[in-house]
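In case you want the letters, here they are:
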Amino acid sequence: MTAASSGRLWGVASGLGAGAMWGLVFLAPKFAPEASPLLLTAGRYLAYGLIAAVLIAPRWRRLAPLIEARTWRALVWLSLAGNLVYFAFVVVAVHLAGVAASALIVGMVPVVVALWGLRDRSGPSLSRAAPPIVLAALAVALIGWRALAQGEAGAEGPTGAQALIGLVCALGALASWSAYAVGNSRRMARLPEVSPHDWSLLTGVVTGGLALILAVPAVWTAQDWSGGQWLHLAGVCLGVALLASIIGNALWNQASRRLPLSMLGQMIVFETVFAFVYGYVWEGRGPALVEILAILMMIVSVIWCVRAHAPPRGAEEPPH
């Protein structure tokens, strides 16, 4: 096995591990249903920031000279897009549209990133990229129709209008995370001297600082909580921060360093698959026929996207 092939293999393995960790994010609102989206977002990222600050402290003297003012500005933007804004959208989407619908829509990140990659010289032609993109859009339309139909039917849970708001929030999460995936990969490529793990911790420190701004209005939404409720929320926030933010982000940054952008976006399918599995286990049910069809369409779409981005047989793939 060549060094390039080995690097790709580790990149895919890192992407799979990140997906397994990130899939837990869709269960966080279920673990703390009484917490407002603002409170859950602030709590998770305050915990992330504290853990990141402790872990990065021993290496701060070496890292500080490497981080310029424009890099700090990029970290603020990435922290907002990939963490605070994204997670707030996900919390609302899960509450109003459910785990399955939210995970499937966010699972379109590979397709959106593939569209973004059409502008790159190494990107495929629109004629090759269009069919899987259309297939993914149909999958989202199918799962969205089911979520709205369930709400209008008066089943237990959100109404049709609430489900629609949840689907719009899921689309907002999709746009936010797609922008993060592209921006994070390109920013890391400009800083080879900063390890993926350190970059994740720097993002965590900045995110924690931004979460402090949310803390006061967030706590205001839970003035009448008991001590037990606060302890439960703290446990959920620490767990999600450690597994999804610290470990998941570190694995994702490893994948970002080892995989080209055209392949990197496809790794998000692992998050979708794990989110579905966790959601069905939590709800104690199997997927409905419409959900199975939508999942299969999304998986086929992602595989199709990968093939569309593969270089022609015998051609040399451009370097990452």
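See the structure shown above.
Figured I'd write up the structure that's included with this text.

Criteria and cut-off values
Residues numbered from 1 in each chain as written. Predicted model: local features only at pLDDT ≥ 70, side-chain atom pairs only at ≥ 80, totals over all residues. Heavy atoms only, no water. Axes fitted to C-alpha atoms, helices over the stretch in contact; angles between N-to-C directions. Helix = DSSP H or I, 4+ residues; strand = E, 2+ residues; numbered from the N terminus. Parallel < 35°, antiparallel > 145°, perpendicular 65-115°, else oblique. Contact = heavy atoms within 4.5 Å. Nonpolar A, V, L, I, M, F, W, Y, C, P; charged D, E, K, R; others polar. Core = buried A, V, L, I, M, F, W, Y, C linked by side-chain atoms within 4.5 Å. Buried < 20%, exposed > 50% of the residue type's maximum accessible area, 1.4 Å probe, protein only. Polar contact = N/O pair within 3.5 Å; in protein donor to acceptor, adjacent residues only side chain to side chain. Patch = residues over 30% accessible without salt bridge, like charges linked within 9 Å, V, L, I, M, F, W, Y side chains within 5 Å. Areas by Shrake-Rupley, 256 points an atom, 1.4 Å probe, with all protein chains shown as cover. Salt bridge = Lys/Arg side-chain N within 4 Å of Asp/Glu carboxyl O. 1 Å grid on protein atoms, 1.4 Å probe; cavity = no way out; pocket = protein on both sides within 12 Å on 5 of 7 lines; lining within 4 Å. Points joined across faces, edges and corners; volume = space filled by probe spheres on them. Left-handed = near helix turned anticlockwise from the far one by under 90°.

## What about the packing of helix 5 (residues 69-97) against helix 6 (residues 99-106)?
Then comes step 1: Relative orientation of the contacting elements helix 5 and helix 6 amounts to 140°, with a least axis distance of 7 Å. With respect to their mutual orientation, helix 5 and helix 6 come out oblique. Packed against helix 5, whose contacting residues are Y86, A93, V94 and A97, the element helix 6 presents V99, A101, S102 and V106 at the interface.
Then comes step 2: Of the residues in the contact of helix 5 with helix 6, the class split is seven nonpolar, one polar and no charged.

## Structural notes on the nonpolar core
Then comes step 1: Ranked by internal contacts, the top residues of the largest apolar core, which has 83 residues, are F26, L40, W177, W199, L233 and W252.
Then comes step 2: Looking at this core, the element that brings in the most residues is helix 5, giving eleven residues.
Then comes step 3: The contacts of F26, once residues within four sequence positions are left out, are Y86, V90, V94, V99, S102, A103, V106, E271 and A275.

## Side note on the side chain of T207
Then comes step 1: Of note, T207 is situated in helix 10 (residues 196-220).
Then comes step 2: Separated by 3.1 Å, the side chains of T207 and S79 make a polar contact.

## A word on a nonpolar patch on the surface
Then comes step 1: Residues V273, V277, V281, I299 and I303 make up a contiguous nonpolar surface patch of about 400 Å² in total accessible area.
Then comes step 2: Listed by contribution, the elements that provide at least two residues to the nonpolar patch are helix 13 (268-283) and helix 14 (289-309).
Then comes step 3: In this fold, V273 is placed in helix 13.
Then comes step 4: Exposure remark for V273: the relative accessible area of 36% places this residue in the partly exposed category.

## Section: empty space enclosed by the protein
Then comes step 1: Using the criterion set out here, one finds two cavities of 30 Å³ or more in the structure.
Then comes step 2: Taken as a whole, the largest cavity encloses approximately 90 Å³ of empty space.
Then comes step 3: Forming the boundary of the largest cavity are W22, V25, R44, Y45, G82, N83, Y86, W177, Y180, N249 and E271.
Then comes step 4: Listing elements by their share of the lining of the largest cavity, those giving two or more residues are helix 3 (37-56), helix 5 and helix 9 (160-189).
Then comes step 5: Of the residues forming the lining of the largest cavity, the biggest block, three residues, is contributed by helix 5.
Then comes step 6: Within this model, the second largest cavity holds a volume of roughly 30 Å³.
Then comes step 7: In this structure, the second largest cavity is lined by V99, A100, F276, G279, Y280, E283 and R285.
Then comes step 8: Here the residues of the lining of the second largest cavity sort into four nonpolar, one polar and two charged.

## Digging into the packing of helix 9 against helix 11 (residues 227-258)
Then comes step 1: Interaxial distance between helix 9 and helix 11 falls to 9 Å at its minimum, and their mutual angle equals 60°. Our classification of the angle between helix 9 and helix 11 gives oblique. Judged by the sense of rotation from one axis to the other, the crossing of helix 9 with helix 11 is right-handed. In contact with W177, Y180, N184, S185 and M188 of helix 9, helix 11 contributes W252, N253, S256 and R257.
Then comes step 2: Among the residues forming the contact of helix 9 with helix 11, the class breakdown is four nonpolar, four polar and one charged.

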